[in-house]
Each structure stands twice: as C-alpha cells, then as structure tokens.
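# Fold and contact review
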Amino acid sequence: AQSVSQHNHHVILSEAASLELGCNYSYGGTVNLFWYVQYPGQHLQLLLKYFSGDPLVKGIKGFEAEFIKSKFSFNLRKPSVQWSDTAEYFCAVNARSSSASKIIFGSGTRLSIRP
Amino acid sequence: NAGVMQNPRHLVRRRGQEARLRCSPMKGHSHVYWYRQLPEEGLKFMVYLQKENIIDESGMPKERFSAEFPKEGPSILRIQQVVRGDSAAYFCASSPSPPGTGVGLNTEAFFGQGTRLTVV
C-alpha cells in the first residue's frame, strides 16, 4: 500500500526566503503526485501535479516541484515566499494503474511567513 | 460549471444522533472521495466511490460509518450514533475518472469546501 511522509510539520520563514518542503512516498510502481494547498478556513486547492514527462513541474503562484524517482521524493519549492503563502501544504500520491485507486495524503506542513 | 458542493458547511449533532453529509460532484464527474481532517492532522482517506459502487472503503471505520453514491443525486456520508471523536472536517473530492487515467492522462481531483461536524 502506498504512503506519504512530509518531514516538516511546521515551517516558519521570513518573506523573500526560499522554501523547500519535503515529501517522500512509498510505492513500488508508477505513481501520480500532487501538491495541494489549504489556506486558512478554505478548501484544498491544487498547486501542481505530476503524471509523466518532465520531472520538474511548475504550478501556480510560482511553486514548482521535482520528482526524483530514485529517491521516491516530490519536494515542493518556491524561490521567494510571500506573506500570502501562509497556509497548510499537503503532498498526495496515487498509484497509477488501469483500475481505480485512492489518493493518499501526507500529514501536511504548516507554513507561516513572517511579514 | 460549479465546483464540488458540500452541504451543510457546518453541522452540530448531539451524541447519539445521526449525521448526514452530502457531496455533489462537479458536472461530469463520476468518482468521489471522502476524507476526514482532524484538528492538527492531515487528511485521512475514508472511502472512494464510483456511481453506485464502492471502490475502496479501507479508511472507513468498521462501525457507524457508511457511504453511498447513487445513480442520481449526491454522495452521502452517513455517521450513525455520533460520538465526540467524530468531530472533524469532512472533505469530499471528485474527478471525472481515476487520476492519471482517461483522455490525455490529465485528470485530477477537485475538493469541496468541507463540512465541519461538531458533536456536542
């Protein structure tokens, strides 16, 4: 069964700092990978996704993530964070197969940006 | 095209009552997922349904919880005889087909705004 680990529970940065949030998954087969963001009091929104092709994917709001298959990782990055990036970030994975499979989420990383 | 609609947004139930949470997927979406989010915790998968079928219910508690997605109408997550520990935010997501499959392999799951259940 697949699982997702997010190493940092709470990250605190100053504005303009660079961001990298770790995500590792465990599954031996082909996977689809996602990063979702949840702003305070709101629902989850998709930041970016990886299905196949270029392992460096770019999402909305200047975020990007790199799929490193050998490390089973899909870390989220942003070169310069803003106060409005304060939110909770979730990495998610689902096993690619011809049949349906569930999407599994990590426990989330809370990002706090100091103005 | 309206997004995933969940209602009610907030639901208060006394211990022992039943809670019914509704999720209307996006138009054209036949796959629905339910998740529970406890305070300070991540999203825990509960159940994955396709129209009239339960695909995966490995995350559902064995008792008191059930889910359905009928041919017509919304998906329903039903919690019988609620207890304080059921207090959480329940999110529904929908997709037109399993993620990473379908035309162009470009499907993803879209989330609703959630139902916050409080058991008093």
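Please refer to the structure placed before this passage.
Just so it is clear, the structure is predicted and the values come from calculations on it, not from any experiment.

### Observations regarding the overall build of chain A
Along chain A, the regular secondary structure elements total zero helices and 12 strands. Ordered by position from the N terminus, the helices and strands of chain A form the series β-β-β-β-β-β-β-β-β-β-β-β. A compact globule built from 115 residues should have a C-alpha radius of gyration of about 13 Å, and chain A, at 14 Å, falls within 12% of that. For the C-alpha atoms alone, the extent of chain A along its principal axes is close to 45 × 30 × 20 Å. A buried classification covers 49% of the 115 residues belonging to chain A. Across chain A, the fraction of contacts at a sequence separation of at least 24, relative to all contacts at a separation of at least 6, is 55%. Accessible area for chain A stands at about 5,300 Å²; split by element, carbon and sulfur atoms hold 52% of it. Averaging the positions of the 11 positive and the 7 negative side-chain charges in chain A gives two centres separated by 6 Å.

### Brief notes about the interface of chain A and chain B
In this complex, chain A contributes 22 residues to the contact, which on the side of chain B involves 25 residues. Each partner contributes to the roughly 1,900 Å² buried at the junction of chain A and chain B, and carbon and sulfur atoms together form 58% of this total. Together, His43, Lys102 and Ile103 of chain A form the three largest contributors to the area buried by chain A at its contact with chain B, with a combined 26%. Applying the counting criterion to the chain A and chain B interface returns one salt bridge.

### As for the sheet that holds strand S8 (residues 75–79) of chain B
Residue and element names in this part refer to chain B. Spatial ordering of the open sheet is given by S1-S3-S8-S7, a layout of four strands whose pairing is antiparallel. The open sheet terminates on both sides in strands that have one partner only, identified here as strand S1 (5–7) and strand S7 (65–68). Shown here is a sheet whose adjacent strand axes are inclined to one another by a mean of 15°, direction ignored.

Rules of the game
Residues numbered from 1 in each chain as written. Chains lettered and ligands numbered in written order. Predicted model: local features only at pLDDT ≥ 70, side-chain atom pairs only at ≥ 80, totals over all residues. Heavy atoms only, no water. Helix = DSSP H or I, 4+ residues; strand = E, 2+ residues; numbered from the N terminus. Rg over C-alpha atoms; globule rule 2.2 N^0.38 Å. Buried < 20%, exposed > 50% of the residue type's maximum accessible area, 1.4 Å probe, protein only. Contact = heavy atoms within 4.5 Å. Areas by Shrake-Rupley, 256 points an atom, 1.4 Å probe, with all protein chains shown as cover. Lys, Arg positive; Asp, Glu negative; His and termini not counted. Charge placed at Lys NZ, Arg CZ, Asp CG, Glu CD. Buried area = accessible area lost by both parts, 1.4 Å probe. Salt bridge = Lys/Arg side-chain N within 4 Å of Asp/Glu carboxyl O. Pairing = 2+ DSSP bridges. Axes fitted to C-alpha atoms, helices over the stretch in contact; angles between N-to-C directions.

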